[in-house]
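Summary of the model geometry
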Amino acid sequence: MGFPVNVPSQSPPKPLNFLIYGKTGWIGGLLGKLCQSQSIPFAYGSGRLEDRRSLEADLVAHDPSHVINAAGVTGRPNVDWCESHKVETIRANVVGTLTLADVCRERGLILINYATGCIFEYDAEHPLGSGVGFKEEDTPNFIGSFYSKTKAMVEDLLRNYENVCTLRVRMPISSDLSNPRNFITKISRYEKVVNIPNSMTILDELLPISIEMAKRNLTGIWNFTNPGVVSHNEILEMYREYIDPNFTWKNFTLEEQAQVIIAPRSNNELDATKLSREFPELLSIKESLLKYVFKPNQKTSVA
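These notes cover the structure that comes with them. Remember, it's a predicted structure, so these values are computed and weren't measured experimentally.

When you go through the chain residue by residue, the secondary structure sums to 11 helices and eight strands. Residues classed as buried in the chain amount to 50% of the 303 residues present. In the chain, the proportion of contacts linking residues at least 24 apart, taken out of those at least 6 apart, comes to 79%.

To continue, consider unusual backbone geometry. Positioned with a positive phi, Asp63 is a non-glycine residue whose angle comes to about 45°. Within the secondary structure, Asp63 sits in the loop between helix 2 (52-62) and strand 3 (66-69). Unusually for a residue other than glycine, Met171 sits at a positive phi of about 40°. Within the secondary structure layout, Met171 lies in the loop between strand 5 (164-169) and helix 6 (183-189).

Strand order in this open sheet of six strands is 2-1-3-4-5-7, and the pairing throughout is parallel. What marks the edges here is a single partner per strand, and that holds for strand 2 (42-44) and strand 7 (220-223). Along the sheet, successive strands turn relative to each other by an average axial angle of 20°, direction set aside. Pairing of strand 1 (residues 18-21) with strand 2, which is carried by three bridges, proceeds in the parallel orientation. The residue of strand 2 that forms the bridge with Phe18 is Phe42.

The next subject is the pattern of salt bridges. For the structure on display, the rule yields 12 salt bridges. The residue Glu50 makes a salt bridge to Arg48 at a minimum N-O spacing of 3.4 Å. Given the relative accessible area of 57%, Arg48 is considered exposed. The shortest N-O distance in the salt bridge between Glu278 and Arg216 comes to 2.9 Å. With a gap of 62 residues between them, Glu278 in helix 10 (residues 273-278) and Arg216 in the loop between helix 7 (203-215) and strand 7 connect regions that are remote in the sequence. Taking relative accessible area as the criterion, Arg216 reaches 36% and is therefore assigned partly exposed. Overlapping salt bridges, with partners in common, bring together Arg52, Glu56, Asp102 and Glu106 in one network.

With that settled, the discussion passes to empty space enclosed by the protein. Evaluated as defined, the whole model comprises one cavity of 30 Å³ or more. Contributing to the lining of the largest cavity are 14 residues, with Thr97, Asn113, Tyr114, Lys151 and Val154 lying nearest its centre. Of all elements in the fold, only helix 4 (86-106), strand 4 (110-116) and helix 5 (146-158) reach the threshold of two or more residues within the lining of the largest cavity. With four residues, the single largest contributor to the lining of the largest cavity is helix 5.

Let's shift gears to the nonpolar core. If you look at the biggest cluster of nonpolar residues, it comprises 30 residues, and the most contacted ones within it are Leu31, Tyr114, Met213, Phe224 and Leu275. Broken down by secondary-structure element, the contributors of at least two residues to this core are strand 1, helix 1 (26-37), strand 4, strand 5 and helix 7. For this core, the element with the highest residue contribution is helix 7, accounting for seven residues. In this structure, Tyr114 is in contact with Ile27, Leu31, Ile68, Asn69, Ala70, Lys151, Leu167, Val169, Leu207, Ser210 and Phe224, ignoring residues within four places of it in sequence. Within the second largest apolar cluster, 21 residues are counted, among which are Ile173, Ile184, Val230 and Ile235.

Turning our attention to the side chain of Asn182. Among the secondary structure elements, Asn182 is positioned in the loop between strand 5 and helix 6. In contact with Asn182, other than residues within four places in its own chain, are Trp26, Pro172, Ile173, Ser174, Asp176 and Leu177.

The description of an aromatic ring pair rests on the distance of the ring centres and on the angle between the ring planes. Scanning the model with the defined rule gives six aromatic pairs in all. Ring geometry for Phe120 and Phe134: centres 4.5 Å apart, planes at 25°, overall stacked. With Phe120 in the loop between strand 4 and helix 5 and Phe134 in the loop between strand 4 and helix 5, the pair connects residues that are 14 residues apart, well separated along the chain. Like Phe120, the residue Phe134 is buried in the burial classification. Taken together, a centroid distance of 5.8 Å and an interplanar angle of 25° make the contact between Phe247 and Trp249 stacked. Given the relative accessible area of 11%, Phe247 is considered buried. Following the ring pairs from residue to residue traces out a cluster consisting of Tyr239, Phe247 and Trp249.

Bringing the packing of helix 1 against helix 7 into the picture now. Close contact between helix 1 and helix 7 brings their axes to 11 Å; oriented N to C, the two are set at 65°. Considered as vectors, helix 1 and helix 7 are oriented roughly perpendicular to each other. Remark: the crossing between helix 1 and helix 7 carries right-handed chirality. Taken together, the residues of helix 7 that come into contact with helix 1 (itself represented by Trp26, Ile27, Leu30, Leu31, Leu34 and Cys35) are Leu203, Leu207, Pro208, Ser210 and Ile211. Of the residues that constitute the contact of helix 1 with helix 7, the class distribution is 10 nonpolar, one polar and no charged.

Criteria and cut-off values
For every chain, the first residue of its written sequence is number 1, and the numbers climb from 1 along that sequence. Residue-level local features of this predicted model are given only where pLDDT is at least 70; pairs of side-chain atoms are given and counted only at 80 or more, and the full residue set underlies all totals for whole chains, interfaces and linings. Hydrogens and waters are ignored; side-chain quantities use all the structure's heavy atoms. To qualify as a helix, a DSSP run of H or I must reach at least 4 residues; to qualify as a strand, a run of E must reach at least 2; elements of each kind are numbered from the N terminus. For the exposure calls, accessible area comes from a 1.4 Å probe over protein chains only, and a residue counts as buried if that area is under 20% of its type's maximum, exposed if over 50%, partly exposed in between. Should any heavy atoms of two residues lie within 4.5 Å, those residues are counted as being in contact. For two strands to be treated as a pair, DSSP must find no fewer than two bridges joining them. Note on definitions: angles span 0 to 180 degrees between N-to-C directions of axes, and those axes are lines fitted to C-alpha atoms, for helices only across the stretch in contact. Note on definitions: salt bridges are taken to be side-chain nitrogens of Lys or Arg within 4 Å of carboxyl oxygens of Asp or Glu. Note on definitions: the grid is 1 Å and covers protein atoms alone; a cavity is a set of points where a 1.4 Å probe fits but cannot get out; a pocket is an open set with protein on both sides within 12 Å along at least five of seven lines; lining residues have an atom within 4 Å of a point. Grid points are joined across faces, edges and corners, and a volume is the space filled by probe spheres set on the points. Buried Ala, Val, Leu, Ile, Met, Phe, Trp, Tyr and Cys residues that are joined via side-chain atoms within 4.5 Å together make up what is termed a nonpolar core. Stacked, tilted and edge-to-face are the three classes assigned to paired rings of Phe, Tyr and Trp, where Trp is represented by its six-membered ring and a pair needs centres within 6.5 Å; plane angles under 30 degrees give stacked, over 60 edge-to-face, the rest tilted. Any angle between 65 and 115 degrees counts as roughly perpendicular, while under 35 counts as roughly parallel, over 145 as roughly antiparallel, and the rest as oblique. Each crossing gets its hand from how the near helix is turned against the far one by less than a right angle, where anticlockwise is left-handed and clockwise is right-handed. Residues are sorted three ways: Asp, Glu, Lys and Arg are charged, Ala, Val, Leu, Ile, Met, Phe, Trp, Tyr, Cys and Pro are nonpolar, and all the rest, Gly among them, are polar.

What follows is the structure, encoded as structure tokens:
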């Protein structure tokens, strides 16, 4: 559903002009490149999300048609950072995001908000391997990490903002295999990996879709993943087949993983039916991995 912008219905739509938050982030940087390639005017916001006046100044200075939020705290080197920096995490992920949504609503602007799907874990109604995924209206059931806790909290509050489009990203992957934030790059460098099927987001395919969602003025919550699941081992097998025939890895159990991380990690399948209905061309996770990641990076001859 679209959000009613505060202009007379007979007025022509405002020309596209995106204001993006998260200039120094991975997704924020990719969005800027996408806008350039599509000749969409855009600017990066300079205000801090939790500083309302600085956000209002940005909106006056840039007069955007849409606001895109790819900012927030995920923790470096990983979400364990959030366990010992709780106030900073709340300030960015809860206070900041809500302030931006509120400022946008006052001005009749849609906010495209990149959120996370790491707020669910397999349970009795959604067992691992069942193909039954969590839907957009399901209540988050994973609060194992403080990061996920704040993300679930803010998603619930944002449901009340009719101008917000929440995109639940999971374990993002891109064709840039040198990027340390890329899920494939991460697991290829780990000493040991767990082997669990998960929903994941191929950014090369889905970020252009998010720009199209802004153009269509879509709002509400969306599971922003490719349909289906893929396991860590399946990805690493593809890596070995297409990139490095000598690549090896070791698995360990969730119990063994728990010994080396501070906060538990989310494992789940999200139901991508809603997104697939809107974008029927959306590829399944394994098809998308091949098309957008492994074939463009192929270094070995595949029989």
